[in-house]
Amino acid sequence: MTAATGSGQGLDVLDLWERSVRAHPARPALVTPHRVLAYADADRLTDAWADSLAERGAAPGRLVGLAFGDPARTVLGMLAALKAGAGFTVLDDRLPAAARAALVRRTAAAVWLGDGDHAPEAAYVPDPAPGAPGPADDGTAGTRLRAGAGGSDVAYVLFTSGSTGQPKGTVVERDALGRFATAVAERLALTPDDRWLQVASLGFDVLIEEVFPAFAAGAAVVCREDTRALDAEELHVAMARSRTTVVELSTQYWLEYARWLETAGATTPQALRTVVVGGERMDPRPYRDWQDRQPAALAHVYGLTECTVSSTFYTGRLPADAGEVPLGTPLRDVEITVRRDGRPVPDGETGEIHIGGPLLARGFLDDDAATARRFVPDPYATAPGARVYVTGDLGRFDADGQLVFLGRTDDQIKIRGHRLEPARVERALCEAAGVGQAVVFPDPATGTVLWAFTVPADPAAAPLPGEAVRLTGADRDALVAPLEAQLPDWAVPRVLHRVAVLPKNPHGKIDKKLLAAWASGPTPAPPAQIPAEASTQASTAAQGPAHVPAAAQGPAHVPAAQGPAHAPAEAAGGTTQAPAGTAQAAAPAPATAPAGTTQAAPQAPPAPALEGSGAGAPAPDGAGPGGALGITLGLFREVLGDPRLGPDDNFFDHGGQSLLAMRLLARLRESHSGAAGLRASALFASPTPRQLAAALTATSPGGTPAGR
């Protein structure tokens, strides 16, 4: 199926910007918690920044690196780089230091802007600052600064997870960016009255979709104060206060927000008209529930970084009998075909999704071999030199012409909106001393955390056949620490087991369902007792993960099993929106298993009682069911799905991550008055039930539960 394609070259993205500046000079372009920057003011400021960049070598064919700690200046830097004729790249502050240094070297940017803690040493912040008076506009700056930049020049380079362990830099050209901005603004019917809230991680390509379609329509981009992920309640408040009309969330982030709305008995803010959702395979049930209960409409999107963010949109009412939420129909200038053995198949038949048209990226940065493998000549196209991108996603067109996702052709998985080749992590695990084999896959319950199973190189160190021994303490740290130094947070397994063998199914593949059953089977665990003398004291702060994962498309962005190659969210690092396993339904409905799961894991043993809380025995202060520690420990067990957790177990060592941290804090706010002002990031400072309970008691007068 081919969408309507515009003739010739589209408008340059700066033509779209300048059109909005001329039409709406006094309307807001950027809205932050502290100021509103009108189109005319933003135009003058970015002209001045572009002058500064050009003096330092920014020009067509070169890159400007951006490493700000706040979204608003990142957006201004993107515009300034394009005005200087250059492209831009955004350095993700969540990456390990070694990975950031490698990306700085690979991009070879002419100049770096920024003052974030992650900024390269040579980075600077140009004058004037946002909100300060800019230079007078003589009407020629925009044309002069853009001289020499053509449609085939680089607009930006963003990085996705690579199967070889080295992230791939995707090079997108100016013509593709301009066409994309026009197509999304058209599909979502954006107007100057719209306000699009920016929540994606700044290194994630959903940022492109949050910014340039809005500017093309003369709408405003609403920016957070910093890059910290918003939990569901904070997201709701931010949208209400800023009068947001459009927001894009990764599938898992959206499910958390839907869960919060259901629990709170709330509806979406009055101004919010559209929630764009993508990143994983979507369960139809929560999608229908939302459409039945919430006033804001949904737009389900699919695409890849290599094809300029989103390629298809589904904005219809989901039929009652639909077994899948469609990926939708192509945007203008996007060509979608379903092929088997390289040949298009009739509508209704299954094949591999191929994406073509002028929105395709140029290819991968300094990787001609990978470019040739994925961007292939299209023998069925009428245009000379036409290419298609081979997605690795299986799909079909239904009777209504909607693209439907049906799985993957390979082992690629999605974790919180990011594409990941499991072999990348498995190879890294096998580099550790004493590890002979390894396999990783998303946890069967939520699909948002990686599990790892390792086989020791020395058979004498292996457990009994059929047992999965959970790694803790020094054994776990020895495997996790090297991964944290080289991989983004979402790609690091947080739950690790040792087994004697990796079992195979009748097809000769590793039986992941059996491994999950071994891990969930009854295993001895010490009782989670709380000594009375320490029940309300915080122990020495344990170390949390090296950095806070973003939430999607901010939190991005994401379940298990195999899904399409695109996703937004929480997100940084991966591609944009492609399903990946079936996302779980929002509460209160029971969670669904990931695609391919046919049986539930065995029930975990009953939770051990708190010491001193038995019949006839007084509970120590805070340790009883209604005390701060009792409440906190119970919610840790609930959210992490492990009734064996004790008061000193680390949230992140037991599968915790940003989306689950949001859920935990939301539940705490319902149960304890001291949680009212806590953000999900508080878990990184107080990652155990005992430490978090102490923090709750310290912020609540008398430590009294809210009792709601």
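Residues numbered from 1 in each chain as written. Predicted model: local features only at pLDDT ≥ 70, side-chain atom pairs only at ≥ 80, totals over all residues. Heavy atoms only, no water.

## Quick notes on the overall build of the protein
Basically, it comes down to this: Only DSSP runs of H or I reaching four residues or more are called helices, and only runs of E reaching two or more are called strands; each is numbered from the N terminus. Note on classification: 1.4 Å probe, protein chains only; a residue is buried when its accessible area is under 20% of the maximum for its type, exposed when over 50%, partly exposed between these limits. Using a 1.4 Å probe, accessible areas were evaluated by the Shrake-Rupley method; residue-level cover was limited to the displayed protein chains.
A count of helices and strands for the protein gives 18 helices and 27 strands. Every one of the 708 residues in the protein was classed for burial, and the buried ones make up 60%. Entry remark: accessible area of the protein is about 26,000 Å², with carbon and sulfur atoms responsible for 52%.

## Considerations on the layout of surface pockets
Cut-off, in case you're wondering: Cavities and pockets are defined on a 1 Å grid built over the protein atoms alone: a cavity is a set of grid points where a 1.4 Å probe fits but cannot escape, while a pocket is an open set with protein on both sides within 12 Å along at least five of seven lines, and lining residues are those with an atom within 4 Å of any such point. Grid points are joined across faces, edges and corners, and a volume is the space filled by probe spheres set on the points. Gly is placed with the polar residues, together with every amino acid not listed as nonpolar (Ala, Val, Leu, Ile, Met, Phe, Trp, Tyr, Cys and Pro) or charged (Asp, Glu, Lys and Arg).
In this structure, the second largest pocket spans a volume of roughly 540 Å³. Every residue lining the second largest pocket is counted, 22 residues in all, and those nearest its centre are Pro-33, Leu-230, Glu-234, Ala-238 and Arg-241. At six residues, helix H8 (residues 232-242) tops the list of elements feeding residues into the lining of the second largest pocket. In terms of residue class, the lining of the second largest pocket is made up of 10 nonpolar, three polar and nine charged.

## Some points on the pattern of salt bridges
Put simply, the rule is: Within this document, salt bridges are pairs made up of a side-chain nitrogen of Lys or Arg and a carboxyl oxygen of Asp or Glu, the two lying within 4 Å of each other.
Counted under the stated rule, the structure contains 29 salt bridges. The closest approach of N and O atoms between Arg-228 and Asp-226, which form a salt bridge, is 3.0 Å. Classification of Arg-228 by relative accessible area gives partly exposed; the value is 40%. Judged by relative accessible area, which is 22%, Asp-226 ranks as partly exposed. Within this structure, Asp-43, Asp-47 and Lys-83 form a network of salt bridges that share partners.

## Describing the packing of aromatic side chains
Inclusion rule: Between 30 and 60 degrees the pair is tilted, below 30 it is stacked and above 60 it is edge-to-face, where a pair is any two Phe, Tyr or Trp rings, Trp via its six-membered ring, whose centres lie within 6.5 Å. Remark: a charge is flagged as sitting over a ring if the NZ atom of Lys or the CZ atom of Arg is within 6 Å of the ring centre and within 35 degrees of the ring normal.
The tally for this structure, following the rule as stated, stands at 18 aromatic pairs. Among the aromatic side chains, those forming a connected cluster through ring pairs are Trp-254, Tyr-257, Trp-260, Tyr-287, Trp-290 and Tyr-314. Stacked on the ring of Tyr-124, the Lys or Arg Arg-56 has its end atom at 4.1 Å from the ring centre. In this structure, Lys-168 packs its charged tip against the face of Phe-364, placed 5.8 Å from the ring centre.

## Remarks on the environment of Val-104
Test applied: Throughout, a contact is declared for two residues whenever any of their heavy atoms are within 4.5 Å.
Here Val-104 shows up in helix H4 (residues 97-107). A relative accessible area of 22% means that Val-104 is categorised as partly exposed. The spacing of Val-104 and Pro-120 is 16 residues in sequence and 7.7 Å in space, taken between C-alpha atoms. In contact with Val-104, other than residues within four places in its own chain, are Leu-91, Trp-112 and Pro-120.

## Here's the deal with the side chain of Asp-398
We apply this condition: The sign given to each residue is positive for Lys and Arg and negative for Asp and Glu; His and the chain ends receive no count. N or O atoms within 3.5 Å of each other form a polar contact, as long as, within protein, one can give a hydrogen and the other can take it, and as long as residues adjacent in sequence are counted only when both atoms are side-chain atoms.
Mapped onto the elements of the fold, Asp-398 is located in the loop between strand E20 (387-397) and strand E21 (403-408). One buried charged residue, Asp-398, forms no salt bridge at all, with the nearest opposite charge on Arg-396 at 5.4 Å. At 2.8 Å, the side chain of Asp-398 and the backbone nitrogen of Gln-402 are in polar contact.

## Brief notes about the sheet that holds strand E27 (residues 495-498)
Quick reminder of the rule: For two strands to be treated as a pair, DSSP must find at least two bridges joining them.
Strand order in this open sheet of four strands is E24-E25-E27-E26, and the pairing throughout is mixed. Each having just a single partner strand, strand E24 (435-442) and strand E26 (469-470) make up the two edges of the open sheet. Two strands pair when backbone bridges link them, and E24 and strand E25 (residues 450-456) are joined in this way by seven bridges, in the antiparallel orientation. Following the sheet pairing, Val-439 is matched in E25 by Phe-453.

## Details of the nonpolar core
Selection rule: Among the buried residues, those of types Ala, Val, Leu, Ile, Met, Phe, Trp, Tyr and Cys that are joined through side-chain atoms within 4.5 Å form a nonpolar core.
In this structure, Phe-88, Ile-208, Phe-212 and Phe-215 are the most contacted members of the largest nonpolar core, which totals 86 residues. Examining the composition of this core, we find that eight residues originate from one element, helix H3 (residues 71-83), more than from any other. Counting residues in hydrophobic clusters, the runner-up holds 34 residues, among them Val-199, Leu-235, Tyr-257 and Ala-296.

## Comments concerning the sheet that holds strand E9 (residues 220-222)
Through backbone hydrogen bonds, the strands of a sheet pair up, either in parallel or in antiparallel fashion. Ordered in space as E2-E1-E9-E8-E10-E11-E12-E13-E14, the nine strands form an open sheet in which the pairing is mixed. What marks the edges here is a single partner per strand, and that holds for strand E2 (36-38) and strand E14 (329-330).

## Examining the pairing of E21
Taken residue by residue, a regular strand's side chains alternate between the two faces of the sheet. By the criterion of burial, E21 is predominantly enclosed, with five of the six residues buried. When E20 meets E21, the two strands line up antiparallel, connected through five bridges. Each bridged residue has a counterpart across the sheet, and for Leu-394 the counterpart in E21 is Gly-407.

## Remarks on the side chain of Arg-339
Mapping Arg-339 onto the fold places it in strand E15 (residues 335-340). Polar side-chain contacts of Arg-339 include one of 2.8 Å to the side chain of Thr-337. Side chain to side chain, Arg-339 and Asp-378 meet in a polar contact 3.1 Å long.

## Some points on unusual backbone geometry
Between Asp-127 and the following residue, Pro-128, the backbone shows a cis peptide bond with an omega angle of -5°. With respect to the secondary-structure elements, Pro-128 resides in the loop between strand E5 (111-113) and helix H5 (141-145). The backbone of Val-309 shows a phi angle near 65°, a positive value even though the residue is not glycine. Positionally, Val-309 belongs in the loop between strand E12 (297-303) and strand E13 (310-314).

## Side note on helix H6 (residues 174-187)
To keep things clear, this is the line we draw: Residue count minus one, scaled by 1.5 Å, sets the expected span of a helix.
For H6, spanning 14 residues, the distance from its first C-alpha to its last is 20 Å, which sits close to the expected 20 Å at 1.5 Å a residue. Counting buried positions along H6 yields 11 of 14 residues, so the element is predominantly enclosed.

## Comments concerning the pairing of E20
Counting buried residues along E20, eight of its 11 residues qualify, which places the element largely inside the surrounding structure. Bridge count for strand E19 (residues 375-377) against E20 is three bridges, and the pairing is antiparallel. Residue Pro-377 lies in a different strand from E20, and its bridge partner there is Arg-387. The antiparallel pairing of E20 with E21 creates a hairpin that spans five residues between the two strands, and Gly-401 there sits at a positive phi of about 80°.

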